[in-house]
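Each chain is listed here by its residues.
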Amino acid sequence: MLTKFETKSNRVKGLSFHSKRPWILASLHSGVIQLWDYRIGTLIDRFDEHDGPVRGVHFHKSQPLFVSGGDDYKIKVWNYKLHRCLFTLLGHLDYIRTVQFHHEYPWIISASDDQTIRIWNWQSRTCISVLTGHNHYVMCATFHPKEDLVVSASLDQTIRVWDIGALRKKTVSPADDILRLSQMNSDFFGGVDAVVKYVLEGHDRGVNWASFHPTLPLIVSGADDRQVKIWRMNDTKAWEVDTLRGHMNNVSCVLFHARQDIIVSNSEDKSIRVWDATKRTGLQTFRREHDRFWILSAHPEMSLLAAGHDSGMIVFKLERERPAFSVSADSLFYMKDRFLRVYEYSTQKDTQLIPIRRPGSNSLNQGPRTVSFSPTENAVLVCSDIDGGSYEIYVIPKDSYGRGDTVQEAKRGIGGSAVFVARNRFAVLEKSTNQVLVKNLKNEIVKKSILPIATDAIFYAGTGNLLCRAEDRVVIFDLQQRIVLGDLLTSFVRYIVWSQDMESVALLSKHSIVIADKKLVHRCTLHETIRVKSGAWDDNGVFIYTTLTHIKYCLPNGDSGIIKTLEFPVYITKIYGNTIFCLDRDGKNCPIIIDSTEYVFKLSLLRKRYDQVMSMIRNSELCGQAMIAYLQQKGFPQVALYFVKDERTRFNLALESGNIEKALESAKKIDEKDHWYRLGLEALRQGNAGIVEYAYQRTKNFERLSFHYLITGNVDKLSKMMKIAEVKNDVMGQFHDALYLGDVQERVKILENAGHLPLAYITASVHGLQDIANRLAVELGDSVPSLPEGKKASLLMPPSPVLCAGDWPLLMVSKGIFEGGLDDTGSGAEEDYEEAADADWGEALDIGEVENTQNGDNGMVLEEDDVHEETEGGWDLEDLDLPPDAETPKIAPNARSSVFIAPNPGVPVNQIWVQKSSLAAEHAAAGNFDTAMRLLYRQLGIMNFSLLRSQFMDLHMGSHTYLRALSLAPVMSIAVERGWSESASPNVRGPPALVFNFSQLEEKLQAGYKATTAGKFSEALRHFVAILQTIPFIVVETRREVDEVKELIIIVKEYVLGLQMELKRKELTDDPVRQQELAAYFTHCRLQIPHRRLALLNAMTVCYKAQNLSTAAHFARELLETNPAAENQAKKARQVLQAAERNMRDVTPLNYDFRNPFVVCGSTYTPIYRGQKDVTCPYCSTHFVPSQKEQLCTVCELAEVGADASGLVCSPSQIR
């Protein structure tokens, strides 16, 4: 059984499949009716109006209706589109067991515990016939799929077949009056519409179910006597044919399979049984643990079955319907009806080759699963599930093409799966031992190989290679070298599809597709909600695949889309251009023509084949929101522009792609304030002063316009703006314009008119306009404002523009492929643009009349004095008398003159630095931080870059200087080179100047020594750590200096480790043993002699105080060996030795053995004795215990402990 869908719910009593959609109705014992989509496994709707269990439910074949019957004696007809019950049919007097629509007439048949069967007309909503005769509950009643018959089963132990021909004739209502008369007579005198044709007796207990065969005159029934009986009927009689025994409890439902010659029954014994209808033997049994089965339903058109049980239902298939096939060059070899057939794609000719042996056993799913073909040997491997997995090998005789009748003896073998791996070798999977057997065509073992993973299937992966599948991964295994070539984690893979060049592979799972290369390096993964069925690669490297409902495509980058909707599932075998060759479930070859425009277009964009994109835009009907969204998402708004007719969308796309002319066109058509504002912003960003001005004019944004004229230096228009502000009575605007123009008299006049006499007076007197100031002083009288004493006024005047700025200069380059090739607008945009520069502003203004206009007079007309005045004759252009046939060649409007060649931009200096260098410092100076980080990781294993942020920034900033060229131009960045001289060639670029050098580090080292001597350990530690964090960026010239840098790392590392231990010791006030150990380890750090003496003195003192006299004596001897210059140190050491000699013992044992050489772990501060395993930091070479591997080094705080690094590179001499 192949379970497709399962639900958990109350007991399911009724089931019905929809004939077209992937839906199933389940009526429950709780009174709810559920509508499920079994393809994607979701509950679509629930209908809850019945009171008590609903035992019968049925979909109408063509209308959006279904009918239900329940224990509340009601039959309800529902419309699932309206989500409600349309009407209720009342008449039955007891529980209703089954309901069914007639396939042709507007009838419903119902069976009830009131011992009757009723036929209803659902259009007139009346009962048109009552079938009486049973004398116990009627358990089911169904119409015959073709004839005018009804079969019913009852607990009175009989099955009745009823003839309803008379009812049909009555419903058709004949035109002949005589017929109608006789019909009336029969109605009056008790004539009946339905008569009992046969009563079938044979069951010993009540019969629960009876159903017709879809085409043959057969009936199958199931009863409480645990038997399934088959009955045959003819025109006159019916008789029992056979009994099928095997169920252990009441048989609740039984039916004939629509597409296979089998009977399916289920029972309260918790099993479903499958029987061979011709041999009348059991084929298979499916059991459940705790659930009794109550109902079966078959899909009217597909091989699906559904069964309802105590805790839900299952939708299942009995056998796989996928035909086994193999593609070889131009031929498809496939299995159909126990024959191997070949289909040639070029001629579309289908030929039967050889018959394939039938399986010995009778059970289901014994057909061929896979076919593998060897073209050179003309041999076929057919694999099936017989005997838990077996294969047969056939050699096709050359002369049998076209005959296909010679039965030949096949060589057989047991194996999970078998595939050809070479011309005359095939591999067989032996699951029990997890090995693969390579065999020749005589079925003899040539070689055995143990597989690298627990494999449950093998697939071909190129000559001599196998793709092995496990539960959660696939690997490619080379049979010759016995090595794994590729490995990929993936969900359970069902099918493998290789591209023709064997460079790409698609791994098909139930709900996903993984695309990988030939080494199983992952490229992309696609997820589908509906089951994936098959796939093939087309010539462009696009993977085309089918789900149950669609043909879809997957591009190399993982983008996918729908090509075509399918009415029924198909399996793709091969793709030629726009033709997809498929096999359907009946084994028929069907070529499907598809439109590949969409995915070829996307592929061309992906591969940057813009010439193809251009021609497709011109010639095909590609459009739609999805395509526009795709182009926008992929960063091609300029291409999307050519698909769009809607002006708002065009405007947005034009702005996004920076196409200011197209945006201007759309803005004119839309003509809304918001769009003009956004156009102005974009034009400002591009430095297109003309369009900025035009946009501000259209929105009447006078403040922005004035400021725009100020920064572009357009004094004439600024003075016009001031007059417009005066006309509009906009005092603030007028004042601003006067300020921008530097017109002091105008400012004084505005302040005076506005009544601000003190301000007007101060302005006039500060700017030296004494006449006006005196006049205003007279008007102010006593309230003349006094100017502050001792303060000097500064002149607030904008500088006079040297020239009026226009649009920013643009480099002349040839247009991009899309701008040039697709513009069909001609030169219209350029004309608009010309017009925009001097366009009128909504209201025209005659500046000449402004002088005479009063402030209050707003209704005036504005008109600019036009620039274009025809004062002279202009160009003298006359027509030439040319002969009529002299055709002049037309030049494309966007063709460029061949004179101008756009200059090629030079290579930036930083790029040269990066290309020429392998030094991390120089990459950081060039601003390429990512490559600098990669180099540091590769050379020194450094992974913590947060501490190096300031060094990176300093290097980059220190190797550049910045110049201001022009006031409006951006700042220019100039690279500073190391060792630059004026005599050097300008074409030869030196390395970058670096802010860190070796001498700085020596200064820091001395500072660290000084702080250590003074006992300022935290400060000393800061100096030493700073040195460690700077060394990766030091660049030196000679090999000798390189050695000095490496030596410095070791020195500094020893100090950092020692000081960290000493600081740790000072924290541990309550642990004297650990204090002694840390003091002892400090003496083993390689320090300068004075510092070592101090460390020894310190360790000696700590141990002596703790009564560890033996260890203290050791440190005293070490101290005396260093010949201390300070007498008090030597004296103290001798005193300790004398005291220790009287009592040479240690009170507490320490983890310290000075006789055994050791290094100290930089993290745990414990000794690692000679011979013990350890790992080191690749940068500072501190030793660590193995458990610290892959952790951050605690000494330098930069590198990963145990990382694989090549070593410090700090000089160009190392690279040469």
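Quick note: structure is the one above.
Residues numbered from 1 in each chain as written. Predicted model: local features only at pLDDT ≥ 70, side-chain atom pairs only at ≥ 80, totals over all residues. Heavy atoms only, no water.

Asker: Sorry if this is basic, but what is going on with the overall build of the chain here?
Answerer: Along the backbone of the chain there are 31 helices and 61 strands. By residue count, 49% of the 1216 residues in the chain fall in the buried class. When the accessible surface of the chain is totalled, it reaches about 61100 Å², and 50% of it is carbon and sulfur. (Helix = DSSP H or I, 4+ residues; strand = E, 2+ residues; numbered from the N terminus. Buried < 20%, exposed > 50% of the residue type's maximum accessible area, 1.4 Å probe, protein only. Areas by Shrake-Rupley, 256 points an atom, 1.4 Å probe, with all protein chains shown as cover.)

Asker: What is the right way to look at a nonpolar patch on the surface in this model?
Answerer: A cluster of nonpolar side chains, Tyr937, Met943 and Leu1192, forms an exposed patch at the surface whose accessible area comes to about 260 Å². In this fold, Tyr937 is placed in helix α22 (residues 929-940). A relative accessible area of 41% means that Tyr937 is categorised as partly exposed. (Patch = residues over 30% accessible without salt bridge, like charges linked within 9 Å, V, L, I, M, F, W, Y side chains within 5 Å. Salt bridge = Lys/Arg side-chain N within 4 Å of Asp/Glu carboxyl O.)

Asker: I keep staring at helix α10 (residues 689-698) and nothing clicks. Help me out?
Answerer: Three or four residues apart is the spacing at which side chains of an α-helix point the same way, because the helix has 3.6 residues per turn. With 9 of 10 residues buried, α10 lies mostly within the body of the structure. Every buried residue belonging to α10 is among Ala689, Gly690, Ile691, Val692, Glu693, Tyr694, Ala695, Tyr696 and Gln697, and all of these are buried. Lys700 sits one or two residues past α10 and shows a positive phi near 55 degrees.

Asker: I'm lost on helix α9 (residues 673-686) in this one. Help?
Answerer: Helix length check: α9 (14 residues) gives 20 Å between terminal C-alpha atoms against 20 Å at 1.5 Å per residue, within 8%. Listing the buried residues of α9 in full gives His675, Trp676, Leu679, Gly680, Glu682 and Ala683. Contacts from the buried residues of α9 go to α7 (647-656), α8 (660-670) and α10. Positive phi appears at Gly687, one or two residues downstream of α9, with a value of about 75 degrees. (Expected span 1.5 Å × (residues − 1). Contact = heavy atoms within 4.5 Å.)

Asker: How do you make sense of the pattern of salt bridges when you look at a structure like this?
Answerer: Side chains that carry opposite charge are capable of pairing whenever their charged atoms lie near each other. Within this structure, the stated rule accounts for 42 salt bridges. Of the charged contacts, one joins Arg288 and Glu6 as a salt bridge, the two residues approaching to 3.2 Å between their closest N and O atoms. Here Arg288, found in the loop between β25 (281-287) and β26 (293-298), pairs with Glu6, found in strand β1 (residues 2-8); they are 282 residues apart in sequence, far enough to count as distant. For Glu6, a relative accessible area of 37% translates into the label partly exposed.

Asker: When you look at the pairing of strand β24 (residues 271-276) in this model, what are you seeing that I'm missing?
Answerer: Every other side chain in a regular strand lies on the same face of the sheet, so the side chains alternate between the two faces. Counted residue by residue, β24 has 6 buried out of 6 residues, so it is predominantly covered. Residues Ser271, Arg273 and Trp275 point to one face of β24 and Ile272, Val274 and Asp276 to the other, with burial holding for every one of them. Connecting the antiparallel pair strand β23 (residues 262-267) and β24 is a turn made up of 3 residues, with Lys270 showing a positive phi of about 70 degrees. Summarising the sheet, β24 and β25 pair through 6 bridges and their orientation is antiparallel. Counted as the bridge partner of Asp276 is Thr281 from β25. Linkage of β24 to β25, two consecutive antiparallel strands, is achieved through a turn of 4 residues, within which Arg280 is found at a positive phi near 55 degrees. (Pairing = 2+ DSSP bridges.)

Asker: Just to check I follow, could you spell out the nonpolar core for this structure?
Answerer: Soluble, globular proteins show a tendency: their nonpolar side chains are buried together. Membership of the largest hydrophobic core comes to 90 residues, with the highest contact counts inside it found for Leu936, Phe1024, Tyr1179 and Cys1196. For this core, the element with the most residues is helix α26 (residues 1039-1067), which contributes 10 residues. Leave out the neighbours within four places in its chain, and Phe1024 touches Leu1005, Gly1008, Tyr1009, Thr1012, Val1052, Tyr1055, Val1056 and Leu1059. Formed by 58 residues, the second largest nonpolar core is a distinct cluster that contains Leu28, Met233, Leu305 and Phe316. (Core = buried A, V, L, I, M, F, W, Y, C linked by side-chain atoms within 4.5 Å.)

Asker: Which parts of the structure should I look at to understand the environment of Tyr761?
Answerer: Residue placement: Tyr761 occurs in helix α15 (residues 757-766). We classify Tyr761 as buried; its relative accessible area is 16%. In this structure the C-alpha to C-alpha distance between Tyr761 and Val748, which are 13 residues apart in sequence, comes to 7.7 Å. When neighbours within four sequence positions are excluded, Tyr761 is seen to be in contact with Ala773, Leu776, Ala777, Leu780, Val784 and Pro785.

Asker: What am I meant to see in the sheet that holds strand β16 (residues 158-163) here?
Answerer: Sheet strands associate in pairs through backbone hydrogen bonding, adopting either a parallel or an antiparallel arrangement. With antiparallel pairing, 4 strands are arranged side by side in an open sheet as β14-β15-β16-β17. Since the sheet does not close on itself, it has two edges, and those belong to β14 (138-143) and β17 (195-201), each with one partner. The mean inter-strand angle of the sheet, taken between neighbouring strand axes irrespective of direction, is 20 degrees. Judged from the 5 bridges that link them, strand β15 (residues 149-154) and β16 form a sheet pairing that is antiparallel. Looking at β16, one finds that Ala153 is bridged to Ile159. (Axes fitted to C-alpha atoms, helices over the stretch in contact; angles between N-to-C directions.)

Asker: What is the right way to look at the sheet that holds strand β8 (residues 75-79) in this model?
Answerer: Read from one edge to the other, the open sheet built from 4 strands follows the order β6-β7-β8-β9, with strand pairing classed as antiparallel. For this open sheet the edge positions go to β6 (54-59) and β9 (84-89), each flanked by a neighbour on one side alone. On average, each strand axis in the sheet is tilted by 20 degrees relative to the strand beside it, whichever way the strands run. Where β8 and β9 come together, 5 bridges link them in antiparallel fashion. Across the sheet, residue Val77 finds its bridge partner in β9, namely Phe87.

Asker: What is the right way to look at the packing of aromatic side chains in this model?
Answerer: Aromatic rings considered in pairs are described by the distance between their centres and by the relative angle of their planes. For the structure on display, the rule yields 36 aromatic pairs. Ring geometry for Tyr391 versus Phe426: centroids 5.5 Å apart, planes at 70 degrees, classification edge-to-face. Of this pair, Tyr391 sits in strand β35 (residues 390-395) while Phe426 sits in strand β38 (residues 425-430), and the two are 35 residues apart along the sequence. Grouping residues by exposure puts Tyr391 and Phe426 together as buried. A network of ring pairs unites the aromatic residues Trp23, Phe47, Phe59, Phe66, Trp78 and Tyr80 as a single cluster. (Phe/Tyr/Trp six-rings, centres within 6.5 Å; stacked < 30°, edge-to-face > 60°.)

Asker: I keep staring at the side chain of Arg273 and nothing clicks. Help me out?
Answerer: For Arg273, the location among the structural elements is in strand β24. Buried charge Arg273 goes without a salt bridge, the closest partner of opposite sign being Asp269 at 4.4 Å. The residues touching Arg273, leaving out its near neighbours within four places in the chain, are Gly246, His247, Ile263, Val264, Ser265, Gln284, Thr285 and Arg287. (Lys, Arg positive; Asp, Glu negative; His and termini not counted.)

Asker: Would you explain the packing of helix α11 (residues 702-712) against helix α12 (residues 715-727) in this entry?
Answerer: Working note: a packed helix pair is described by the angle between its axes plus the distance between those axes. The contact between α11 and α12 brings their axes to 8 Å, and the two run at 155 degrees. Considering the angle they form, α11 stands roughly antiparallel to α12. Every pair of crossing elements has a handedness; the one defined by α11 and α12 is left-handed. The segment α11 lies against α12, with Phe702, Leu705, Ser706, Tyr709 and Leu710 engaging Lys717, Leu718 and Met721. Grouping the constituent residues of the contact of α11 with α12 by class yields 6 nonpolar, 1 polar and 1 charged. (Parallel < 35°, antiparallel > 145°, perpendicular 65-115°, else oblique. Left-handed = near helix turned anticlockwise from the far one by under 90°. Nonpolar A, V, L, I, M, F, W, Y, C, P; charged D, E, K, R; others polar.)

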